[in-house]
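Okay, here's what each chain looks like letter by letter:
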Amino acid sequence: MIRSLIVKSTVTLLLSTLLVAAAQGVTITWFVGLGTGADPAQQGVQEAVVEAFNAMQDDITLKVVFVINQVSVETLSTLIATGEAPDIVGPVGFAGSNAFKGNFLDIQPYVDASGYDLSQFPEAAVEFQRTEEGLLGLPLANFPAFLYYRPEHFDEAGLEYPPASYGDPYILDGEEVEWDVDTMTEIAKILTVDANGNDATMDEFDPENIVQWGFMNQWAGPGAMRQHATLFGSGHLVDEDGNAFMPEHWRAAFNWLHQGIWEDHFIPTEAQNASDQLANDNAFSSGNLSMAQSHLWYTCCLADDGWDAAALPSYNGQATARLHADTFRILNTTEHPAEAFEVLAYLTGEASLDLLSVYGGMPARPDDQPQFFARLDEKYPQGVNWEVVRESLNFPDIPTHEAWLPNNNKTNDRIDALRSLLTSEPGVDVDAEIDKMIADLQAIYEEYYAEEGR
Amino acid sequence: MMATAEMNKPQAGRLMRQQQRWGWIFLSPWIIGFFAFTALPILASLIFSFTDFALNKPEEIEFVGFQNYVQLFKDPLVSVSLWVTLKFALLSLPIAVALPIALASLLNSKHLRGKRVLRTLFYMPYIVPVVSAVYIWQGVLNTETGWLNRLFGLLGISGPDWLNSVVWIYPALVIIGLWGLGNAYLITLAGMQSVPTEYYEAARVDGANGWHRFRHVTLPMISPVIFYNLILTIIGLFRYFEIPFILKQGTGYPGSSTMFFNIHFYKTTFVFLDMGYGSTLAWLLFLITLAVTLVLFASARYWVYYASGDSS
Amino acid sequence: MAATRTAVQNTVNTSPYYGRQLKQFTAVALTTLFAFMILGVYLMPFSYMLVTSFKDKAQIIAGAKGPILPMDPITLNYQGEVLEVFKVPFPEGVRQLALLKKGRSESSFVDPENPDAEPIVWEGRWRTLEPVIQFSPRYGNFKAAWDGINFPRLLFNTTFIAVTGLIGTLLSCIAVAYAFARFPIPGKPILFMVLIATIILPRQVMLVPTFAFFSAIGWVGTWLPLIVPHFFANAYNVFLLRQYFLQLPRELDEAAMIDGAGPLRILLSVIIPQSWPVIVAVALFHLVFAWNDYFEPLIYTLGKPEIQPIAVGIQQFNFRFNQQPHLIQATALLGMVLPVILFFMAQRFFMRGVVVTGVEK
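Note that the coordinates shown come from a computational prediction; the quantities given were computed from them, not determined experimentally.

Draft legend 1. Region of interest: the overall build of chain C. Helix and strand counts for chain C come out as 16 helices and eight strands. Its C-alpha atoms give chain C a radius of gyration of 31 Å, more than 25% over the compact-globule value 21 Å for 361 residues. The principal-axis extent of the C-alpha atoms belonging to chain C is close to 100 × 80 × 30 Å. Out of the 361 residues in chain C, the part that is buried amounts to 43%. The long-range fraction of contacts in chain C, counting pairs at least 24 apart against all pairs at least 6 apart in sequence, stands at 62%.

Draft legend 2. How the structure looks around the overall build of chain B. Each helix and strand counted, chain B has 14 helices and zero strands in total. In chain B, the succession of α and β elements from N to C terminus is α-α-α-α-α-α-α-α-α-α-α-α-α-α. Relative to the 2.2 N^0.38 estimate, which gives 20 Å for 312 residues, the radius of gyration of chain B is 24 Å and therefore markedly larger than a compact globule would have. A burial count over chain B gives 44% of its 312 residues as buried. For chain B, the proportion of contacts with a sequence separation of at least 24, taken over those separated by at least 6, is 63%.

Draft legend 3. Here's a closer look at the interface of chain A and chain B. If you look at the interface, chain A gives 21 residues, while chain B gives 21 residues. For the side of chain A that touches chain B, the class distribution of residues is six nonpolar, 10 polar and five charged.

Draft legend 4. Here's a closer look at the nonpolar core. Formed by 277 residues in total, the largest nonpolar core has its most connected members in Ile88 of chain A together with Val176, Ala177, Tyr178, Val238 and Leu241 of chain C. A total of 15 residues in this core trace back to one element, the largest contributor, which is helix H6 (residues 151-182) of chain C. Other than its neighbours up to four places away in sequence, leucine 241 of chain C contacts Cys173, Ile174, Ala177, Val278 and Val282 of chain C.

Draft legend 5. Focus on the environment of asparagine 217 of chain A. Residues and elements named next belong to chain A. Structurally, asparagine 217 can be placed in strand S10 (residues 210-217). Taking C-alpha positions, asparagine 217 is 8.6 Å from isoleucine 267, a pair spaced 50 residues apart along the chain. Residue contacts for asparagine 217: discarding those within four places in its chain leaves Gln227, His228 and Gln293.

Draft legend 6. Main features of the domain arrangement of chain B. Assigned domains within chain B: domain 1 (1-48) and domain 2 (69-303). A separation of 33 Å is found between the C-alpha centroids of domain 1 of chain B and domain 2 of chain B.

Draft legend 7. Representation of the domain arrangement of chain C in the model. What the domain assignment lists for chain C is domain 1 (2-42), domain 2 (71-135) and domain 3 (142-350). Taken over C-alpha atoms, the centre of domain 1 of chain C sits 42 Å from the centre of domain 3 of chain C.

Draft legend 8. Representation of the interface of chain C and chain B. Listed per partner, the contact involves 85 residues of chain C and 87 residues of chain B. Considering every element that reaches the side of chain C that touches chain B, the biggest residue donor is helix H16 (residues 325-346) of chain C, with 10 residues. Class assignment for the residues of the side of chain C that touches chain B results in 62 nonpolar, 18 polar and five charged.

Draft legend 9. Representation of the environment of arginine 390 of chain A within the structure. Here arginine 390 of chain A shows up in helix H15 (residues 386-392). For the pair arginine 390 of chain A and asparagine 142 of chain A, spaced 248 residues apart in sequence, the C-alpha separation works out to 9.7 Å.

Draft legend 10. Main features of helix H4 (residues 76-108) of chain B. All names here are of chain B. For H4, built from 33 residues, the straight-helix expectation of 48 Å at 1.5 Å per residue is met to within 8% by its first-to-last C-alpha distance of 48 Å. Serine 92 marks where H4 bends most, by close to 35°; the proline proline 94 follows one to four residues later. Within H4, the full set of buried residues consists of Ser81, Val84, Thr85, Phe88, Ser92, Ala96, Pro100, Ile101, Leu103, Ala104 and Leu107. Summarising the contacts, the buried residues of H4 are in contact with helix H5 (115-127), helix H8 (169-178), helix H9 (182-193), helix H11 (210-238) and helix H13 (261-271).

Draft legend 11. Examining the sheet that holds strand S2 (residues 60-66) of chain A more closely. All names here are of chain A. With respect to topology, four strands assemble into an open sheet ordered S2-S1-S3-S16, the strand pairing being mixed. Every other strand in the sheet has two partners, leaving S2 and strand S16 (327-330) as the edge strands with one partner each. Direction aside, neighbouring strands of the sheet carry axes that sit 25° apart on average. Of the strand pairs in this sheet, strand S1 (residues 26-32) and S2 are connected by seven bridges, and their pairing is parallel. Bridging across to S2, tryptophan 30 finds its partner in valine 64. Most of the contacts of helix H12 (residues 337-348) go to S16, to which it runs at about 175°, and overall it touches S1, S2, strand S3 (88-92) and S16.

Draft legend 12. Structural context of the pairing of strand S2 (residues 75-78) of chain C. Residue and element names in this part refer to chain C. Two strands pair when backbone bridges link them, and S2 and strand S3 (residues 81-90) are joined in this way by four bridges, in the antiparallel orientation. Residue pairing for S3: asparagine 77 is matched across the bridge by valine 82. In textbook terms, the turn of a hairpin is the stretch between consecutive antiparallel strands, and for S2 and S3 this stretch comprises two residues, one of which, glutamine 79, has a positive phi near 45°.

Draft legend 13. Geometry of unusual backbone geometry. Residue and element names in this part refer to chain A. Of note, the amide linkage connecting glycine 90 to proline 91 takes the cis form, showing an omega dihedral of 5°. Structurally, the position occupied by proline 91 is in strand S3. Cis geometry is adopted by the peptide bond preceding proline 399, which originates at isoleucine 398 and carries an omega value of -5°. Secondary-structure assignment places proline 399 in the loop between H15 and helix H16 (408-424). Positive phi values are uncommon outside glycine, yet asparagine 407 reaches one of about 60°. Checked against the element boundaries, asparagine 407 lands in the loop between H15 and H16. With 21 C-beta atoms packed within 10 Å, asparagine 407 lands in the buried category.

Draft legend 14. Focus on the packing of helix H3 (residues 44-53) of chain C against H16 of chain C. Residue and element names in this part refer to chain C. Axis separation between H3 and H16 bottoms out at 8 Å; the angle between their running directions is 110°. Judged by the angle between their axes, H3 and H16 are roughly perpendicular. As for the relative orientation of H3 and H16, their crossing is left-handed in sense. Along the contact surface, H3 presents Met49, Thr52 and Ser53, while H16 presents Pro325, His326, Gln329, Ala330 and Leu333.

Draft legend 15. Broad picture of the environment of glutamate 306 of chain C. Positionally, glutamate 306 of chain C belongs in the loop between helix H14 (295-300) and helix H15 (310-314). Overall, glutamate 306 of chain C belongs to the partly exposed group, with 13 C-beta atoms counted inside 10 Å.

Draft legend 16. Spotlight on the confidence of the model for chain C. Residues and elements named next belong to chain C. This prediction gives chain C a mean pLDDT of 86; 91% of its residues lie at or above 70. A low-confidence stretch, residues 1-12 stays under pLDDT 50, and its non-local contacts, those more than four residues away or across chains, total three contacts. Scored below 50 in pLDDT, residues 353-361 makes 15 contacts in the model with residues more than four places away or belonging to other chains. Model confidence for the complex: the whole-complex pTM is 0.86, and ipTM, which rates the interface, is 0.88.

Draft legend 17. Region of interest: the packing of helix H3 (residues 67-74) of chain B against helix H14 (residues 275-303) of chain B. Residues and elements named next belong to chain B. In contact at an axis separation of 9 Å, H3 and H14 are set at 70° when each is read in the N-to-C sense. The angle between H3 and H14 places the two elements in the roughly perpendicular class. Handedness of the crossing formed by H3 with H14: right-handed. Residue-level inspection shows Asn68, Tyr69, Gln71 and Leu72 of H3 in contact with H14, the latter providing Gly276, Tyr277, Thr280 and Leu284.

Draft legend 18. Up close: the confidence of the model for chain B. Overall, the prediction assigns chain B a mean pLDDT of 88, with 96% of residues at 70 or greater. Per-residue pLDDT stays below 50 along residues 1-6 of chain B; that stretch engages in four contacts with residues further than four places along the chain or on separate chains.

So, how was this worked out
Residues numbered from 1 in each chain as written. Chains lettered and ligands numbered in written order. Predicted model: local features only at pLDDT ≥ 70, side-chain atom pairs only at ≥ 80, totals over all residues. Helix = DSSP H or I, 4+ residues; strand = E, 2+ residues; numbered from the N terminus. Rg over C-alpha atoms; globule rule 2.2 N^0.38 Å. Buried ≥ 20, exposed ≤ 12 C-beta atoms within 10 Å, placed from the backbone. Contact = placed C-beta atoms within 7 Å. Nonpolar A, V, L, I, M, F, W, Y, C, P; charged D, E, K, R; others polar. Core = buried A, V, L, I, M, F, W, Y, C linked by C-beta atoms within 7 Å. Domains from an automatic or database assignment. Expected span 1.5 Å × (residues − 1). Bend = angle between axes of the 7 residues up to and from the residue. Pairing = 2+ DSSP bridges. Axes fitted to C-alpha atoms, helices over the stretch in contact; angles between N-to-C directions. Parallel < 35°, antiparallel > 145°, perpendicular 65-115°, else oblique. Left-handed = near helix turned anticlockwise from the far one by under 90°. pLDDT = per-residue confidence, 0-100.

Now the structure itself:
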């Protein structure tokens with residue numbers, strides 16, 4: 001067995017060397033891992049897309065590289081630092097690419113040169129990819145956030161389902177009430193249950209022994225506090241003069257979060273979230289969570305059990321659904337920008353529906369959307385309310401919660417420290433901690449401004 | 001040595017030169033390897049520490065003189081992370097040095113049956129890949145559902161929040177570290193195996209009991225191996241990284257309690273992509289560790305016994 | 001000889017013999033028991049790994065506060081729905097019923113023995129009921145792990161990288177340690193400190209220049225960066241071997257030298273035979289290191305899954321959005337089988353008697 005393996009591997013190695021030597025022309029490397037895409041279940045489709053491209057033409061050899069998300073930043077930075085940078089990275093959103101600000105190619109010249117038709121996308125989608133560095137990508141996918149909920153838990157508690165459409169009221173105890181954060185908090189407490197079946201509104205409720213939680217913000221990327229806070233409306237941590245700044249409604253959001261964890265107990269603590277009970281930081285798929293705010297890319301996990309989609313609650317009369325719009329980017333170190341753009345156009349064009357079926361994103365091209373949702377319905381036959389997902393696109397957060405901040409990586413690091421504190425420590429003076437963070441952010445911004453001015 | 005001293009001078013000199021030549025021949029793999037694979041990266045990292053090398057902007061590298069070294073004094077995380085590292089080192093060093101000796105003695109005991117199985121099983125955790133080990137410990141040490149606290153719960157004790165409390169995280173890390181003692185115990189065992197049996201027999205004839213034999217034969221005879229463990233443990237503690245990094249995704253939480261020096265270095269280099277300052281931090285760590293190591297080497301002559309009668 | 005002596009004692013006076021025998025037996029029993037107790041505590045987390053590898057996700061979640069072993073609820077198929085069976089208390093006794101409709105203050109149940117009857121309404125909180133469960137381990141995890149990452153291929157890669165590196169590290173480290181332990185090289189203490197110093201700098205700081213170097217000589221994407229450097233000695237093993245060699249008395253060397261043996265002969269026929277335990281230890285360390293080394297194999301084999309080692313492959317199950325702890329543990333366990341067996345076999349070298357300990361008389 002070993003012997004046949006040795007023979008086989010030698011032959012494979014030799015063959016692959018020969019094949020590489022034989023493949024004339026340009027090689028374009030595509031790096032997957034900064035966002036979604038590196039799961040084994042996703043790899044196959046992407047490899048098939050690469051093979052199809054290589055079979056289609058002879059000028060460019062496309063090569064794909066998968067790196068798990070946890071080590072993707074260090075891997076990519078090592079490659080860039082040593083001159084081994086890939087040509088294309090993605091799918092990636094702003095959160096994943098802010099770390100590499102200044103490394104991306106402005107593709108506008110190649111759009112112009114090749115006569116690429118941008119009008120197939122809504123203008124807003126194109127503009128979303130444009131920063132002061134230029135046009136950094138072609139629109140690929142939209143991942144709006146919405147409210148995931150488990151109908152079964154609502155049935156058990158005898159509660160009505162959350163509204164299926166934005167603007168609809170909620171029916172609580174037979175009466176219409178506004179579907180706002182307060183209402184959601186109220187039902188989240190009812191949905192939070194201890195081992196004896198008491199819910200979080202009762203006096204005899206035992207917070208040491210919770211078995212089901214009402215709500216959480218599923219999955220936190222870098223600077224996740226901004227994600228959390230966007231439930232209360234969009235905001236930005238920089239004011240017009242470039243100073244650190246905390247919007248009032250975000251301050252309210254942080255206080256609400258801390259109270260929801262430590263006093264009302266309907267949001268899991270850090271330790272609870274990391275426990276086996278909530279599937280090791282993946283509460284969504286644990287069956288012990290009733291409502292979650294998350295993005296469309298979480299459709300990966302819908303199959304496990306009966307989730308459905310609903311409208312997010314409003315705050316001060318305004319609902320906000322965070323938007324992610326991940327796509328592919330070209331690194332400006334590429335030696336073959338024109339060829340890389342050709343690949344980019346292929347990935348966001350012909351290959352996009354196949355890719356999006358594993359990335360879980362809604363096509364940015366409106367014409368492709370019906371087909372996309374038809375595919376999803378095949379996959380999740382429980383009948384998910386996709387209409388509210390589409391509707392969520394009307395309530396995007398502008399500016400985006402993933403907006404670049406001065407000294408971005410350090411800034412996010414400081415914001416994460418606040419999240420860690422609020423989710424792992426009871427009895428924190430939230431307002432004082434926010435003020436402390438703002439003061440620190442100011443210093444971090446100034447360090448950046450000083451360096452830029454140098 | 002005796003033999004050479006009795007020979008006449010020119011012959012001794014020739015023998016000396018011949019011995020030296022053989023010495024260099026045996027040493028050559030390392031010398032070549034040092035220049036081929038190690039010297040260059042070390043030198044490069046030293047040069048980086050005088051630049052503003054950002055990993056994602058390799059072409060914009062510029063010399064900045066001693067600016068990174070000045071930054072060391074302004075960066076509050078330098079003292080925070082050194083203190084965290086020192087605290088943890090003081091807590092775990094005695095355990096990391098003493099426990100392998102105890103374990104090796106137990107597993108070398110002539111009264112023990114099932115040695116092969118026991119030795120294998122005690123080493124086994126060391127083979128568990130670190131990612132999988134961290135998962136295991138997260139499962140075992142979780143406040144609510146961890147086996148340890150569930151065990152405490154059966155005894156009516158409410159266990160601490162091991163992994164999210166700025167106090168309990170250190171005992172938790174020490175407990176996790178116990179699984180990493182496999183190498184040290186095995187080395188000690190190998191050392192004990194090489195103590196010539198005659199020494200024990202001689203001690204027995206002199207009427208020494210078990211403890212005396214351990215204290216006056218085993219310990220001095222394995223002191224070179226203990227010295228090795230000590231040096232390696234200290235270097236390892238200064239470079240402590242993998243477990244807190246995977247456990248807390250390199251964040252340093254809770255608070256700054258897992259902000260070990262090496263995590264600060266790693267974050268600076270690979271999250272903030274500041275290779276210039278990161279290299280400076282690495283060199284600070286290098287100098288501190290080297291100083292401690294040199295002191296220990298200087299102390300070795302007082303307590304490490306080499307049967308060959310040689311050290312330098 | 002020993003046998004005749006005991007036989008003699010036996011005839012003369014039986015009681016001290018049995019006394020010693022008993023004392024011996026007690027010592028063995030107590031020591032062994034103590035060792036196994038310590039082992040039990042030490043390996044408690046390992047049993048967590050073991051049971052996790054036999055669970056599926058739902059069982060891990062259910063086990064968080066429930067049963068430690070992989071258990072499944074006993075279920076009833078009722079009109080196309082799968083219902084879990086609970087022990088429900090009634091005044092007349094406890095009945096095993098399938099939970100049909102959950103409610104906060106009352107729930108309805110179906111009797112599995114009479115599923116066509118009207119559902120039974122029970123007042124009380126179903127969460128306080130004890131579920132009826134049975135032992136049902138998920139052996140399939142191991143197959144899934146095996147298939148999921150092309151295990152035979154990864155195993156071959158890892159073994160190849162580990163074994164070639166092992167040969168290199170043993171050859172070079174023994175030679176270099178021998179030089180440091182036995183030869184009068186000028187400036188030896190300084191050279192030795194340089195050697196030690198090379199392991200003090202964090203590996204990550206040298207990563208970028210090292211990677212740039214291997215990339216410049218075209219070794220990236222091959223096994224060479226993971227194998228070749230081991231042929232040029234590493235400080236950990238040299239230091240360890242040197243310590244051990246220094247511990248060996250010089251008399252044997254000198255005796256061999258007087259017999260006309262050259263330095264190489266002395267190394268092969270005097271030093272190495274006395275050092276098997278430590279050489280085997282070094283070999284084991286290297287194997288375990290090569291087995292679990294992650295980041296460098298990752299970047300040097302990037303984009304070439306066909307040459308990646310096991311540690312990189314295992315990480316596949318550690319993806320961010322949908323972690324699979326049971327597959328991680330199953331894969332890790334599969335990956336450990338070979339090193340553990342090797343370790344067990346290598347025990348031979350740690351058993352006194354195989355080792356040549358002293359001057360033969």
